[in-house]
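Given next are the chains, with one letter for each unit.
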Amino acid sequence: MRDRPLILCGLAVFLALVTGPAWRALATAPASPPVLARPVGAVQCVAPVEFMRASHMKLLGEWRDRVVRDGVRTYTDADGRVVRMSLSGTCLGACHTDKTKFCDRCHDYAEVKPTCWNCHVAPPAGSTAGDAR
């Protein structure tokens, strides 16, 4: 029975270490979402803003598959507008001209590391040169 204080102390230390990250997360205020500048000169996106916030990665994945596997290079949006399926040329080349001020801000906020740039070369900030790859 003399080990009881040691066991209780050990349990307390264990619980503190295991639940520490949860307590820290509860104690800190959540970060506010990044403020993104709207594209200059772009009238509308290829999909509604809410869809793009939640599912742009799915759309870009579908584009990749259609271009690489099927050879289809154009996309018709819901309004009938035809655009070139190109991450660097359409999204970053025509609308969001600075990857660091658009893509990176949200990806850093969400703590994700997309693999887009394993194949694509990010266009220089402010360029509208089109697809780098």
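Here, the structure is the one placed above.
The notes below deal with the structure included here. The structure displayed is predicted, hence computed values, not measured ones.

What follows deals with the overall build of the protein. Across its full length, the protein carries four helices and two strands. Put simply, the protein runs from its N terminus to its C terminus through helices and strands in the order α-α-β-β-α-α. Relative to the compact-globule value of 14 Å for 133 residues, the protein shows a C-alpha radius of gyration of 23 Å, a clear excess of over 25%. With the C-alpha coordinates of the protein rotated into their principal frame, the extents come out at 80 × 35 × 30 Å. Here the contacts in the protein between residues at least 6 apart in sequence split such that 57% fall between residues at least 24 apart. Working note: accessible area of the protein is about 10,100 Å², and carbon and sulfur atoms make up 62% of it. Measuring between centres, the 17 positive side-chain charges of the protein sit 4 Å from its 12 negative side-chain charges.

Scanning the model with the defined rule gives one aromatic pair in all. An angle of 50° between the planes, with centres 5.4 Å apart, marks the rings of Trp 63 and Tyr 75 as tilted. Taken together, the residues span a long stretch of sequence, with Trp 63 in helix H2 (residues 49-70) and Tyr 75 in strand S1 (residues 74-76) at a distance of twelve residues.

Cut-offs and rules
Residues numbered from 1 in each chain as written. Predicted model: local features only at pLDDT ≥ 70, side-chain atom pairs only at ≥ 80, totals over all residues. Heavy atoms only, no water. Helix = DSSP H or I, 4+ residues; strand = E, 2+ residues; numbered from the N terminus. Rg over C-alpha atoms; globule rule 2.2 N^0.38 Å. Contact = heavy atoms within 4.5 Å. Areas by Shrake-Rupley, 256 points an atom, 1.4 Å probe, with all protein chains shown as cover. Lys, Arg positive; Asp, Glu negative; His and termini not counted. Charge placed at Lys NZ, Arg CZ, Asp CG, Glu CD. Phe/Tyr/Trp six-rings, centres within 6.5 Å; stacked < 30°, edge-to-face > 60°.

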